[in-house]
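Results of the structural survey
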Amino acid sequence: MRFEVLVLGNSSATPIYERHPTAQVLNFNEQLFLIDCGEGTQMQMHRYGIKSNKISRIFISHLHGDHYLGLVGLLSSMNLTGRKSELHLHGPAPLLDILQLQFKHSDTTLRYNLVFHATNPEVEEVIMKSHMLTVRSFPLLHRVPTTGFRFDEGTRAASLIPEKIVGKNIPTVFFQQLKKGVDCTDLDGTVYRAAELTKPAPASRSYAYCSDTRAFAGYMEAIEGVNLLYHETTFDHSLLERAVETFHSTSLEAAQVAVQAGVKRLLMGHYSARYKDLTPLLEEAKEVFDESILSFEGNWYKV
């Protein structure tokens with residue numbers, strides 16, 4: 001089952017050095033979710049082969065322009081290209097007012113159903129739940145109300161052991177039950193035991209997204225143990241004072257968060273325009289957490 005994130009934009013407020021404002025596409029078993037939507041997002045989607053009408057949900061972390069100014073254009077383009085399917089949008093409550101104002105003064109009426117869900121920047125909460133995926137929002141610490149997002153895969157099924165299946169004439173209708181750990185009995189009374197015919201289910205995976213935030217204790221539990229943590233690394237630690245002033249994090253702090261939260265890998269991003277060469281950010285993070293990697297636009301990262 002596919003669980004990967006495509007980085008569309010990894011710059012901070014200023015687009016520079018072929019880096020764009022923040023946006024990501026999460027592919028969960030061919031369900032596509034857009035996380036943040038900075039200026040130019042729809043062009044980046046086109047560049048990397050993402051069809052906008054296949055996006056089923058959009059998650060906006062906060063209302064600084066580099067995280068949402070591409071949204072009106074994207075929603076309008078979806079309308080122009082004939083989108084009919086429902087689209088769910090999760091974001092700060094004032095975002096709905098912004099969209100309604102834009103659509104009012106551009107005389108735009110969407111021909112698809114846009115379902116808005118206001119996020120709560122004060123508490124952690126489940127904002128979407130299906131059989132195989134749970135999405136939570138949680139508070140971050142920034143200059144405006146901001147939430148992070150965590151995506152948790154549900155319990156995965158075991159897999160059949162081919163060499164133990166061949167020649168047994170097991171009814172194929174039993175396969176899904178066996179994968180779920182259920183023993184099956186056929187009409188002749190033959191018992192097929194799941195424990196003997198299947199491999200243990202792979203561990204469920206999780207992805208956490210922390211956009212603009214100071215590193216602080218309040219979100220540690222929300223991101224604990226994830227397979228992949230995206231965390232902003234706007235500055236190197238020599239600019240800690242600037243990071244505190246602007247409510248951002250340094251690469252050293254992000255690495256410390258990764259260690260404290262027990263995550264498996266750290267994906268870095270939201271780079272300040274002052275860094276053409278990102279090597280110092282990576283080296284600083286890897287001194288603390290060796291499983292730190294730079295995000296690059298156009299790359300898919302497995303969860």
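Residues numbered from 1 in each chain as written. Predicted model: local features only at pLDDT ≥ 70, side-chain atom pairs only at ≥ 80, totals over all residues. Heavy atoms only, no water.

Describing the UniProt feature "binding site: Zn(2+) 1" (unreviewed entry) in the protein
Note the cut-off: UniProt positions are given in the numbering used here, feature names are shortened, and annotations may be inferred rather than shown by experiment. Put simply, DSSP marks the helices as runs of H or I at least four residues long and the strands as runs of E at least two long, and each gets a number from the N terminus on. Any residue under 20% of the maximum accessible area for its type is buried, any over 50% is exposed, and the rest in between are partly exposed; the area is computed with a 1.4 Å probe on protein chains only. Contacts: residue pairs with any heavy atoms within 4.5 Å of one another. Polar contacts, as counted here, are pairs of nitrogen or oxygen atoms within 3.5 Å of one another; within protein the pair requires one atom able to donate a hydrogen and one able to accept it, and residues that are adjacent in sequence qualify only if both atoms are side-chain atoms.
UniProt tags His 62, His 64, His 142 and Asp 212 as "binding site: Zn(2+) 1" (unreviewed entry). A maximum C-alpha distance of 10.2 Å among these annotated residues, which run over 151 residues, shows that they cluster at one spot. Residue position: His 64 is located in the loop between strand E4 (55-59) and helix H2 (65-68). Here His 64 falls in the buried class, since its relative accessible area comes to 16%. With near-sequence residues (within four places) excluded, His 64 lies in contact with His 142, Arg 143 and Val 144. By the element assignment, Asp 212 lies in the loop between strand E14 (206-210) and helix H8 (220-223). According to the relative accessible area criterion, Asp 212 is buried, its value standing at 2%. Apart from residues lying up to four places away in sequence, Asp 212 is in contact with His 62, Asp 66, His 67, Leu 140, Leu 141, His 142, Thr 146, Glu 232, Phe 247, His 248 and His 270. Of the polar contacts made by the side chain of Asp 212, one reaches the side chain of His 67; its length is 3.0 Å.

Some thoughts on the packing of aromatic side chains
The condition that has to hold: Planes of paired rings set the category: under 30 degrees apart is stacked, over 60 is edge-to-face and the rest tilted, where pairs are Phe, Tyr or Trp rings (Trp by its six-membered ring) whose centres lie within 6.5 Å. Either the NZ atom of lysine or the CZ atom of arginine qualifies as a charge over a ring when it sits within 6 Å of the ring centre and within 35 degrees of the ring normal.
The tally for this structure, following the rule as stated, stands at 9 aromatic pairs. Taking the centre distance of 5.1 Å and the plane angle of 85 degrees together, the rings of Phe 3 and Phe 28 count as edge-to-face. Here the residue Phe 3 occupies a position in strand E1 (residues 3-9), and Phe 28 occupies one in strand E2 (residues 23-28), the gap between them amounting to 25 residues. Pair check on accessibility: Phe 3 and Phe 28 agree, each one buried. An aromatic cluster of at least three residues, connected via ring pairs, comprises Phe 33, Phe 59, Phe 149, Phe 151 and Tyr 207. A cation over an aromatic ring shows up here: Arg 2 above the ring of Trp 300, its NZ or CZ 4.4 Å from the ring centre. Cation over ring: Arg 83 sits above Tyr 112, and NZ or CZ is 5.6 Å from the ring centre.

Some remarks on the sheet that holds strand E7 (residues 125-129)
Which entries qualify depends on this criterion: Strands pair, by our definition, only if DSSP identifies at least two bridges between them. Axes here refer to lines fitted to C-alpha atoms; in helices the fit is confined to the stretch in contact. Angles between the N-to-C directions go from 0 to 180 degrees.
Taken together, the 7 strands give an open sheet; going across it, the order is E7-E8-E9-E14-E15-E16-E17, and neighbouring strands pair in mixed fashion. Two strands bound the open sheet, and with one partner strand each, they are E7 and strand E17 (292-294). Taken pair by pair, the neighbouring strands of this sheet meet at an average axis angle of 20 degrees, ignoring direction. Bridging between E7 and strand E8 (residues 133-139) involves 4 bridges; their strand directions are antiparallel. Looking at the pairing, Met 128 lines up with Val 135 of E8. Sheet strands in contact with helix H10 (residues 251-261) are strand E15 (228-232), strand E16 (265-269) and E17, and its direction is about 150 degrees off that of E15. Contacts from helix H11 (residues 279-286) reach E16 and E17, with the element oriented near 170 degrees to E17.

Structural notes on H11
Stated precisely, the cut-off is as follows: Throughout, the arc means that of the directions going from the helix axis to the C-beta atoms.
Those residues of H11 that sit buried are Leu 281, Glu 284 and Ala 285. The buried residues of H11 all sit within an arc of 95 degrees when viewed along its axis, so they share a single face.

Looking at the nonpolar core
We count it as follows: What makes a nonpolar core is a set of buried Ala, Val, Leu, Ile, Met, Phe, Trp, Tyr and Cys residues whose side-chain atoms join them at distances within 4.5 Å.
In terms of nonpolar packing, the biggest core is built from 27 residues, with Ile 223, Leu 229 and Leu 266 touching the most fellow members. Among the secondary structure elements, those contributing two or more residues to this core are E14, H8, H10, E16 and H11. If you tally residues by element for this core, the top one is H10, at 5 residues. Excluding anything up to four places from it in sequence, Ile 223 contacts Phe 138, Arg 150, Ala 208, Cys 210, Leu 229, Val 257, Ala 261 and Val 263. Within the second largest apolar cluster, 24 residues are counted, among which are Leu 6, Leu 87, Phe 103 and Tyr 112.

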